[in-house]
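# Working through the structure, step by step
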Amino acid sequence: MRQNVIFDNDVLRALTEVLSELKGNKVFFLTDDNTQKLVLPYFNTLLEECQASVITIAPGDVNKNLSTVEQVCLALQKGGATRNSVVVNLGGGVVTDLGGFAAATFKRGIRFVNVPTTLLSAVDAAVGGKTGVNFGGLKNEIGVFCEAVAVLISTRFFSTLPLEEIKSGFAEMLKHGLLKGTETYQKLLSFDFTSVDNDAFLNLLTESVNVKRVIVEQDPTEKGLRRALNLGHTAGHAFESMAMERNKPVPHGYAVAWGLVVELVLSNLLKGFPSENLYGLAQFVYSHFGAFYITCDDYDSLLNLIHHDKKSVSGECNFSLLKNIGEVEVDCRVDDDTVKAAFDVYRDLMHI
Ligand code: GLY
């Protein structure tokens, strides 16, 4: 099914239209403390017009859990939500993942609209129907595939974000560019973080989200092709977890950017990915994201984390790799020594 993704910086008008088409008997806006303060006031006239209720949760990944889902469901119940109601998830990935899950399961499913307010959620989390929460110490352990009835993508709320957040989302755009082809990818490499024009950025974002959309349409429940979207994430998640263990967490997208370097090294070693493109990416990542510091003493721990990734098959290292920009191969099994060799090259490229 083609998900209804709307790209429009006039979000108020676009959301008004979506809600009037959906004709829900009650509308609930789900925000976190940040989006309630910074973004919700923009929708004041609409809130009044549709007499919407607002549910607000505490921000951050630590609150992406079942007890927050319970809090949301109780608020829906108290607010008289029925199967014909609509939830508008206004926020970053935590709000869209958790709000989507609450809506998808409350009364066996009510409709929800995602209005992502961060680049990371616009380019990834809000689109494609993955909803869920963390559980038992594992990320996104409980959830369902359920698509929002509409996703409203805009760049107008990004001005409230720190540059680090923009860069974090941009790493997912790099991934989409690498999956799509040279033209899209090159535009990203010349992106200027110091002067972002909202409308020009919306065009780039549209191209990027459409890469994910085309893949998800072909494989909505991740049986095969959708694993292409894991590019950069197998090594990236290992870096992210290691950073947590060191009590120095890193933004998700930064870990993905470093993971992309490792996985393009593997692509170069195993699939003939061109060296000049590897060097180009490594240079871009080093200058905008810096490096994640590792020594050879960290290799076994990193491999252990990769083996235990929930997407790995029977404990082997399993990667999505590129033969070239725009040519992906999923389910590539790689032995531990080759991964270690890739970490060596990563350290060279990252000047460690
Ligand atoms: N974040 C990757 C996916 O949605 O499949």
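Structure first, text after, so check above.
Model, not experiment: these values are computed from the prediction.

Glancing now at the overall build of the protein. Counting its secondary structure elements, the protein contains 14 helices and 10 strands. In terms of C-alpha radius of gyration, the protein reaches 20 Å, essentially the compact-globule figure of 20 Å for 352 residues. Within the protein, the fraction of its 352 residues that count as buried is 53%. At a minimum sequence separation of 6, the contacts of the protein that also span at least 24 residues come to 76%. Taken as a whole, the protein presents about 15100 Å² of accessible surface, with 50% of it coming from carbon and sulfur.

Here the structure, examined in full by the defined rule, presents 17 aromatic pairs. Both rings, one in Phe239 and one in Tyr346, keep their centres 5.3 Å apart while their planes meet at 35°; by these two values the pair is tilted. Here Phe239, found in helix H10 (residues 233-245), pairs with Tyr346, found in helix H14 (residues 336-349); they are 107 residues apart in sequence, far enough to count as distant. There is no split in this pair, since Phe239 and Tyr346 are both buried. Counting every residue linked through ring pairs, the aromatic cluster contains Phe239, Tyr254, Trp258, Phe289, Phe292, Tyr299, Phe343 and Tyr346. We note Lys167 situated over the ring of Phe193; from NZ or CZ to the ring centre the distance is 5.6 Å.

The next thing to look at is the nonpolar core. Side chains of nonpolar character tend, in soluble globular proteins, to be buried together. If you look at the biggest cluster of nonpolar residues, it comprises 95 residues, and the most contacted ones within it are Leu205, Phe239 and Trp258. If near-sequence neighbours (up to four positions away) are discounted, Phe239 is found in contact with Ala255, Trp258, Gly259, Val262, Phe292, Ile294, Leu302, Phe343 and Tyr346. Residues Leu15, Val27, Leu40 and Ala150 belong to the second largest nonpolar core, which totals 22 residues.

Our next topic: the site of the ligand. By nearness alone, every residue bordering the ligand is listed as Asp124, Lys130, Lys212, Glu222, Arg226 and Leu229. Within the side chain of Arg226, one N or O atom sits 2.7 Å away from an oxygen atom of the ligand. Classifying every residue of the shell around the ligand gives 1 nonpolar, no polar and 5 charged.

The rules behind the values
Along each chain, residues carry numbers from 1 onward, in the same order as the chain's sequence is written. Two thresholds apply to this predicted model, a pLDDT of at least 70 for residue-level local features and 80 or more for giving and counting side-chain atom pairs, whereas whole-chain, interface and lining totals are computed over all residues. No hydrogens and no water enter the side-chain calculation; it runs on all heavy atoms of the structure. A run of H or I in DSSP becomes a helix once it reaches four residues, and a run of E becomes a strand once it reaches two; helices and strands are each numbered from the N terminus. The globule rule is 2.2 Å times the number of residues to the power 0.38, and the radius of gyration it is compared with is taken over C-alpha atoms. Each residue is placed in one exposure class: buried if its accessible area under a 1.4 Å probe, protein chains only, is under 20% of its type's maximum, exposed if it is over 50%, and partly exposed if it falls in between. Here, residues are in contact when the closest pair of their heavy atoms is within 4.5 Å. Accessibility throughout is a Shrake-Rupley quantity obtained with a 1.4 Å probe, and a residue counts as covered only by protein chains that appear here. Classification of ring pairs uses Phe, Tyr and Trp, with its six-membered ring standing for Trp, and accepts pairs whose centres are within 6.5 Å; under 30 degrees between planes counts as stacked, over 60 as edge-to-face, and the remaining range as tilted. Note on geometry: a ring has a charge over it if NZ (lysine) or CZ (arginine) is within 6 Å of the ring centre and within 35 degrees of the ring normal. In this text, buried Ala, Val, Leu, Ile, Met, Phe, Trp, Tyr and Cys residues form a nonpolar core when linked through side-chain atoms within 4.5 Å. Any residue with a non-hydrogen atom lying within 4 Å of a molecule or strand is treated as near it. Under the rule applied, a polar contact is a pair of N or O atoms within 3.5 Å (in protein, one hydrogen donor and one hydrogen acceptor; residues adjacent in sequence only if both atoms are side-chain atoms). Under the convention adopted here, Pro, Cys and the residues Ala, Val, Leu, Ile, Met, Phe, Trp and Tyr are nonpolar, Asp, Glu, Lys and Arg are charged, and Gly plus all remaining residues are polar.

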